[in-house]
Structures are given as C-alpha cells and as structure tokens.
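# Chains, contacts and geometry: an overview
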There are 4 protein chains.
Amino acid sequence: MAELTCLVLNCTLKKSPAESSSELLGSQVLDALSDHGVTGSMERVVDHDVRFGVSTDEGDGDAWPALRTKMLDADILVLATPIWLGQPSAVCKMVLERLDAELSETDDEGRMLTHGKVAGIAVVGNEDGAHHVTAELAQALSDVGFSLPANAVTYWVGEAMQGVDYLDRSPTPEKTAATTKTLAAHAAHLAGLLARSPYPASS
Amino acid sequence: MAELTCLVLNCTLKKSPAESSSELLGSQVLDALSDHGVTGSMERVVDHDVRFGVSTDEGDGDAWPALRTKMLDADILVLATPIWLGQPSAVCKMVLERLDAELSETDDEGRMLTHGKVAGIAVVGNEDGAHHVTAELAQALSDVGFSLPANAVTYWVGEAMQGVDYLDRSPTPEKTAATTKTLAAHAAHLAGLLARSPYPASS
Amino acid sequence: MAELTCLVLNCTLKKSPAESSSELLGSQVLDALSDHGVTGSMERVVDHDVRFGVSTDEGDGDAWPALRTKMLDADILVLATPIWLGQPSAVCKMVLERLDAELSETDDEGRMLTHGKVAGIAVVGNEDGAHHVTAELAQALSDVGFSLPANAVTYWVGEAMQGVDYLDRSPTPEKTAATTKTLAAHAAHLAGLLARSPYPASS
Amino acid sequence: MAELTCLVLNCTLKKSPAESSSELLGSQVLDALSDHGVTGSMERVVDHDVRFGVSTDEGDGDAWPALRTKMLDADILVLATPIWLGQPSAVCKMVLERLDAELSETDDEGRMLTHGKVAGIAVVGNEDGAHHVTAELAQALSDVGFSLPANAVTYWVGEAMQGVDYLDRSPTPEKTAATTKTLAAHAAHLAGLLARSPYPASS
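Within any chain, residue numbers begin from 1 and follow the written order of that chain's sequence. Chain letters start at A and ligand numbers start at 1, both assigned in the order the entries are written. Per-residue local features are limited, in this predicted model, to residues with pLDDT of at least 70; the limit for side-chain atom pairs, both in listing and counting, is 80 or more; totals at the level of whole chains, interfaces and linings are taken over all residues.

Right, let's get into the overall build of chain A. Runs of E in the DSSP output that reach at least two residues are strands. Runs of H or I that reach at least four are helices, and both are numbered from the N terminus. The helix and strand inventory of chain A stands at five helices and six strands. Put simply, chain A runs from its N terminus to its C terminus through helices and strands in the order β-α-β-α-β-β-α-β-α-β-α. Here the radius of gyration uses the C-alpha set of atoms, whereas the globule reference equals 2.2 Å times the residue count to the power 0.38. For 203 residues, the compact-globule estimate of 2.2 N^0.38 gives 17 Å, and the C-alpha radius of gyration of chain A, at 16 Å, lies within 12% of that figure. Overall size of chain A, expressed as C-alpha extent along the three principal axes, is 50 × 40 × 25 Å.

Structure representation (structure tokens):
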C-alpha cells in the first residue's frame, strides 16, 4: 500500500532563521515516524502569510490554502507549538481556526475531508503548560475530524519559573525521547488502520 | 469476531434515583452504539463508594476496583458528565484520577492495559462548558492510553445563564441527536480496528 | 481625583467595517462604565498591524507600542473576544502574548507597570465557551499584573450547535445586560480603590 | 480596624497524617500573610466529610456547612491544590462546586456573601499544570464573587515527567518563595481595601 505521510506545522512565534525549540521537537517526531516508514515535512507557519479567519481561503494572498493542500495530502498532522502564558501560541490558535473551516467541507459521503487523518501534538516551553496545551489541541483537532492515537503527545517543559530552552537541553531528555517514540509508533499504526479502513459514511 | 462492548460512567453529582441529564445522554450513546452491534451498560459513579486517589485500589471498601474491572473488560469507555462552573464534575475528575493509575499498569509488551480501548465523551449542562469539558477529558484519556475517534464528543448546553435541563428539552435537539450518532459510528469503527490490530509493543 | 479611564481591545478576527458581536458587547461595557464616571474607548486589534511576539516592541512598523501606550494610560483594560472552537480568538491570544512582556517592565519600586490596573472580560459566541475563555484570560491577566474584580466577566452564548450571533439577538438578553452592569460597577469600584491606594512596593 | 483573616483549604487527595506538598505551600502562604498582619488557619478538606453537590448544605452529616462558616468568616480564601493529570484535584473541584451555591446567597443589597473577599491560589505538582489550575480556579472564584489581586498565584512544578515532590525540594525554590511573598502582599492589600470599602449594592 501507499506510504504514509506526515505534515508538521511548527507554530513558533519567530520567523526563520530564528532558532525554534518547537522545530527541534517537531523534527524529532519526524525522525521517529520515519522508523515506521512515514515520510514527512515541516512548515514554519509564520514564514507564510497566513491570515486570521475561519474560512479555507481568506483571499488576497492568504497563504493558508497552500498549507491546507499539504495538510489534506498528509495522513498525519502534527502541531508543534511553544507554550506562552501556559497556553498554545497565538499562531497555533490561528491554525486551529483555519482548520475550523473543515467542519463544512465534506465528501460525497458526508464525511469531513479530514476524517481518516490522525493528529499528533508536540509541545515545548521553559516551564509549565504542556498538559493544558494538549487539552486545547486534542479537543479542537477531534472537533475538526482528526483521530487521536493513545498517548497523542510528546513534550518537554522545565522546572517552574526557570528559563531553560529545550534547544539548550542537550542531550534530549530521556523521557521526552521515549515519549516521542511512543507517539510516532501509535500515530503511524492508527493512520495505517484508518487509511485501509476509513470511517463509514454518515447515514 | 467477538462483540464489542461499552461501559458508560455517569459522573453526575446526584445519587440514584435522582434524575440525571448525563444519564439520559449516556443512554442515548448506548442506543446509538447498539446500531453498530456494540453492547453496553452504564454505572452511576456516585452510587458506588469510590475513593479519592491515584491508585488502582485505595483499599478499605473502595468501589473503584469493581468499576475498573468493568472498564478493563470493555472496548469503549464513555464518560458522561454534567458541567459545573464550566468544568467537568468533581466526580468525573475523581474518575480521571483513578484512571491515572493505569500509567503504571502495563502488559508483557510494555503497553498500558487501556492501550486498545477507545474513549467517547458525553457532556450536558444548562449552559456553556462542553468544549472545555471535552478538552479536559480528551487530554486525560489520551494520557492514560485511550484512543479518540474523530468527533469524539456529543453534547448539549442551553443559552447563556438560562436554567433548562437536557432532561426537560424534549424532543432531543436534532443536532445533538445527529452528533450522538456520529460519535457512536466512529467509536465503534475505531474500537473494531484496534481490537483486530492492537498497537505494537513498545521497544 | 482624576477621572478613571478604560480601554477595550476588541479581539474579533474581522477587520473594520465588518460587523462584530464583540464590538457590540464591548460598547455595552463602555456604556455601563460611563454610569460610574469612567470614560473610555475601544480599539479593534486587527485594524492595527500588531505582530506576533512577546516583547513590548517587535520593531519594523509593529502597531503594538501605540496600543500599549493606550493600555498603560488606562485604569481598566477590557478584553472583548469572540469564541472559536470553544477558545479565545487567536487575536486575543496574540494580545495576551504582547502583555507577557510586562513581566519584565517594572517601576522603581519593582512593581509591574500594570500593577494598579483592573481587567474585565467580555465574551461572545454562537455557542459554548465563555467560561473557558474567561479562565484563559483571568489567569493570563492576573499573571501580567492586573487585578480582577468579583464577577469579572460578561458574556453571551447561544444554545449548543446553533448559529445565532449576539449582534442579531435583539433586544440584548436581560441576564447579559445585568451581568454587564455588575462587571462595570465592580471594575470601576476596584479601579478607584487601587488608583487611590496602590499595591505596596516589592521588598 | 479589625485584623484581616485567611482560610486556606488544602485540597490534597490524602487524609491526615499523610504528608502533603499542598500543605507545605499553604503554610508558607499563611506565614507570608502574617508579615502583613493577617492571621489564618488551614483545613485539609478530605479530613472532613464533605459531600458532592452544589448546595450550601447537602444534609445528613455533610461537613461543608462548618467549613463554609470558616470561609464566610475569613477575608481571604486560599485554595491550595495538587495537580493531577495537569488539572486541579477532584477535591478542589468539589470545593468549587460547593462554592457555586454562593451564586444564590445574597445580602440585603443583592450582593453575594463572598463579595468583599479576596482569593489566592497555591499550586504544586511533580510537573506541569500550574497555569491551567490557576485558570480553572481564577475563573470559578471570580464567578462566585471573589476578587483576585494582581499575581494571585504561587506555585511550584518540576521538570517534565520527573517525580520530585515539593516537600522534598529543600530549601524552598527561591522563585516560588518570592512569588509567595508577592501573593501575600497583594492579597492582604486588596482585602484591606475591600474590607474598608465594599462593592456598591446592585441596583
């Protein structure tokens, strides 16, 4: 059968070439997925001119439609986001709002175009917030049609009120590395099942 | 293959025989699952002497071990909860904390005992809070090993600051009824796939 | 003593002159505040070229510094936001991230420049999410130095999965109108107290 | 004027005499408040037979009414809670639900009995969740009539997926100690202002 593919959307606030902890964790997820035969790529959302909105195309040079095409072509979508104020980045929220448009985009059988896709979550911050970010993303991604594997998240945060970045935390903390492997194994497995056996049509 | 089964845990604050909107929505989920050959049952958690804690058995007459056996026997777990202060009920949070113990309960292959199970979410309130309750539950259930189908929730809430109960909202609002059907179709499909093709062992 | 002032930041996703339910609720808060002698104004954030970031000035034409000056000049800050996916708008999250910079902006006594200011919250959506939006905003605003009066929020949401806008809900629902009055009375009272008696210096 | 008082409700899941990190942080808040002339006491909620519910008295031996009297007698209420699954403890949620009853308990002037009281938040966990717990509590406490000072929370959490307890983190991390001092200074100041100048009656 066809190879599975993954798109990682890096939701850092900083444009390239600034360093990004989310990019590091996102690339580690892609590496782990490649062990399961999944190929993929990563896009840094702020490098594109994505507009605020809740439609598939806000017009006038909006860069979302191109990213959306990549998302629709992939079997697995991973949102990699930093934590700010204990919450997902504004860029990540902007992406979720663009995905909200999928609620009204359905196939001939009445299913969302996202219906066989699997989502993964990757979260990094100096301190505190990974579980809450996961909650926000898991709810939103399930609402817009993605399935979530068991243990759908990998993350790292430091001790309370410290300022260490994941980028500077070398080597990769063992528990985060193990969690990334589990996420990849589960996401690849679930995406394979759903690719072969799609959800039934709505009646 | 073996019939799929579902356990609904009703997380209302009120002991039987008090009426419960969560029970009504939970029973509608069970009905919808039966259309897909899934058999099931519902337990009202507060009718049992479940203790606060994060172990599988808090001892001294704790009723969680018996409910846990039912949970482990089921392919699908549905948490049905009311909304209080825009948040899941304390009973629901107590259940999530008992499920937290599953993080250290693994099979011979290093997988949580929950690893092939699918979770569904059913939320009712007079007003406001269903998406947030879904977020809290989706994150926690994914953390403790459950997989979430696309559109993993059904819910009803009324207009802001009004006092209508779901129980008294008859006939069932059409959109909630349709959402319940989708949840059931997706949960049954995903549970079937994972029952036949479990997640791989951790390496 | 000097008159108290309020700045409302409208966090709708839509640029002017598009209609905005958040603008309607924000203007109702301003009206209610004027009954307590508070003068104010409202800015629609997306009409300005505010950049993603966590500093006071992201440079290169960033419009935040001008809005920040208005915020620093006001005694009361009201964030008015729509709900998308049960969560605050991405524009609102962008504003919170810009406010995060205040953590390192302190006066001669070691207090944040926001330290005597009071925050209010105004939330509107077709359905569901006002309590959660309030939670996200209350936490973030408290973190960055604002005080929250009792009953710090006014809101309106419709019944689950319906599509009515607050704009089209005329006349204003009585309970929302009463809640707006309470928010205004409490915010004006608390801002007056803190203007006359600032928090003590950090030791 | 009369001395200000504080009640800390420790929302640990474990009955006395089990050690409790929340108790340690709660007692540090009380110490810091005493520097501002605030006297106080702490109650471990699970040592009392508090019932699930949303009324002021669930009857039949319910221990909430006695705790409620202490709460009504205090100027400052601090909720000290552990983090489980990134969320407030079930005991803490149970307390919030009992406080929900205050929405319908008003004085002769139409104000909630909680209306001049100030709330503080103290959160501890092995890892991750303090900001989210703060959000849940800040929203709920504001809804039921408490005012929140600037920087209304003190907390400690460890690095991601580690197992260190706050109890075993000695000496107290400097940043948490400083944050506790700020919370105490702000809560005492705000409680003093509101004790002398209550919110106006509802019209």
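Here the narrative resumes.
When you line up the elements, C:G145 lands in the loop between α4 (130-143) and β6 (153-158). In this structure the C-alpha to C-alpha distance between C:G145 and C:M94, which are 51 residues apart in sequence, comes to 17 Å.

With that out of the way, let us pick up unusual backbone geometry. Trans peptide bonds make up the majority, and among non-glycine residues the majority have a negative phi. Looking along the chain, the bond that leaves A:S16 and enters A:P17 is cis, with omega of 5°. Positionally, A:P17 belongs in the loop between β1 (5-10) and α1 (21-34). Phi angles above zero are rare outside glycine, and A:M161 is one such case at about 60°. Working definition of burial: number of other C-beta atoms within 10 Å of the residue's own, with buried at 20 or more, exposed at 12 or fewer, and partly exposed in between, all C-beta atoms being placed from the backbone. The exposure class of A:M161 is partly exposed, given the 18 C-beta atoms found within 10 Å. Even without glycine at this site, B:N151 takes up a positive phi of about 55°. Mapping B:N151 onto the fold places it in the loop between α4 (130-143) and β6 (153-158).

This part covers the environment of B:A187. Residue and element names in this part refer to chain B. The topology assignment puts A187 in helix α5 (residues 174-196). Taking C-alpha positions, A187 is 27 Å from D168, a pair spaced 19 residues apart along the chain. Once residues within four sequence positions are removed from consideration, A187 is found in contact with L33, I76, V118, G120 and P149. What counts as a contact here is a pair of residues whose C-beta atoms, placed from the backbone, lie within 7 Å.

Moving on, we get to the interface of chain D and chain C. In this complex, chain D contributes 27 residues to the contact, which on the side of chain C involves 27 residues. Elements with a contribution of two residues or more to the side of chain D that touches chain C: α4 (130-143) and α5 (174-196) of chain D.

Okay, the interface of chain B and chain A next. Taken together, the 27 residues of chain B in the interface contact 27 residues of chain A. Of all elements in the fold, only α4 and α5 of chain B reach the threshold of two or more residues within the side of chain B that touches chain A. Tallying contributions element by element places α4(B) first for the side of chain B that touches chain A, with seven residues. Each residue belonging to the side of chain B that touches chain A can be placed in one class, and the counts come to 13 nonpolar, 13 polar and one charged. Each residue receives one of three labels: charged for Asp, Glu, Lys and Arg, nonpolar for Ala, Val, Leu, Ile, Met, Phe, Trp, Tyr, Cys and Pro, and polar for the others, Gly being one of them.

This part covers the packing of helix α1 (residues 21-34) of chain D against α5(D). Residue and element names in this part refer to chain D. Lines fitted to C-alpha atoms define the axes here, with helix axes fitted over just the stretch in contact, and angles between the N-to-C directions of these axes take values from 0 to 180 degrees. Viewed as axis vectors pointing N to C, α1 and α5 meet at an angle of 55°, and their least axial separation amounts to 8 Å. As the angle between them shows, α1 and α5 are arranged oblique. You can see that α1 and α5 cross each other, and the crossing is right-handed. Contact residues: Q28, V29, A32 and L33 in α1; T180, K181, L183, A184, A187 and A188 in α5. Counted by class, the contact of α1 with α5 contains seven nonpolar, two polar and one charged residues. Orientation categories follow fixed angle ranges, with anything under 35 degrees roughly parallel, anything over 145 roughly antiparallel, 65 to 115 roughly perpendicular, and all other angles oblique. A crossing counts as left-handed when the near helix is turned anticlockwise from the far one by less than a right angle, and as right-handed when that turn is clockwise.

A word on the confidence of the model for chain A. Per residue, pLDDT captures the predictor's confidence, and it can take any value from 0 to 100. Summarising the model, chain A shows a mean pLDDT of 96, and 99% of its residues fall at 70 or more. Overall fold confidence (pTM) sits at 0.97, and the ipTM for the predicted complex is 0.97.

Our focus in this paragraph is the relation of the copies chain B and chain A. Fitting of the copies onto one another was done by least squares over C-alpha atoms, counting residues only where both copies have pLDDT of at least 70. Once chain B has been moved 0.0 Å along the axis and rotated by 180°, it coincides with chain A to within an RMSD of 0.0 Å. Viewed as a symmetry operation, the transformation between the two copies matches a two-fold axis. A share of 100% of interface residues in chain B that are also interface residues in chain A marks the association as one of identical surfaces.

Another point: helix α2 (residues 64-73) of chain D. All names here are of chain D. For α2, the set of buried residues is W64, R68 and M71. Viewed end-on, α2 has its buried residues packed into an arc of 60°, placing them on one side of the element. Every exposed residue of α2 that faces more than 90 degrees away from the buried side is listed here: T69 and D73. Where α2 is buried, its residues touch β1 (5-10), β3 (76-84) and α3 (90-99). Arc, as used here, means the arc of the directions from the helix axis to the C-beta atoms.

Looking now at the pairing of strand β3 (residues 76-84) of chain B. All names here are of chain B. Taking burial as the measure, the nine residues of β3 include nine buried ones, the bulk of the element. When DSSP locates at least two bridges between a pair of strands, those strands are taken to pair. Taken together, the five bridges between strand β1 (residues 5-10) and β3 define a ladder with parallel strand orientation. Bridge assignment links L7 to a residue of β3, and that residue is L77. The sheet contact formed by β3 and strand β5 (residues 118-127) spans seven bridges and is parallel. Paired with L79 across the two strands is I121, which belongs to β5. Here two bridges tie β3 to strand β4 (residues 87-88), and the two strands are oriented antiparallel to one another. By the bridge assignment, W84 is partnered in β4 with Q87. With antiparallel pairing between neighbouring strands as the criterion, β3 and β4 make up a hairpin whose turn holds two residues, including L85 at a positive phi of roughly 60°.

Time to look at the pairing of strand β2 (residues 39-44) of chain C. Residues and elements named next belong to chain C. Taken together, the six bridges between strand β1 (residues 5-10) and β2 define a ladder with parallel strand orientation. Paired with T5 across the two strands is T39, which belongs to β2. Handedness of a crossover is defined as follows: orient the strands so they point away from the viewer, and if the path from the first strand over the helix to the second runs clockwise, the crossover is right-handed. Taken together, β1, helix α1 (residues 21-34) and β2 constitute a β-α-β crossover, and its handedness is right-handed.

The subject of this paragraph is the relation of the copies chain D and chain C. Note that the two copies of the chain are related through a rotation about an axis and a translation along the same axis. Note on the copies: chain D fits chain C at an RMSD of 0.0 Å, the axial shift is 0.0 Å, and the rotation between them is 180°. Comparing interface residues between copies, 100% of those in chain D also lie at the interface in chain C; the contact surface is shared.

On to the environment of D:H189. Turning to its location among the elements, D:H189 is positioned in helix α5. If we ignore the near neighbours within four places in the chain, the residues touching D:H189 are C:Y199 and C:P200.

Residues and elements named next belong to chain B. Here α4 spans 20 Å end to end across 14 residues, near enough to the 20 Å set by a 1.5 Å rise per residue. Most of α4 is tucked away: 14 of the 14 residues are buried. Residue G145 follows α4 closely and has a positive phi angle near 105°. Take the residue count of a helix, subtract one, and multiply by 1.5 Å to get its expected span.

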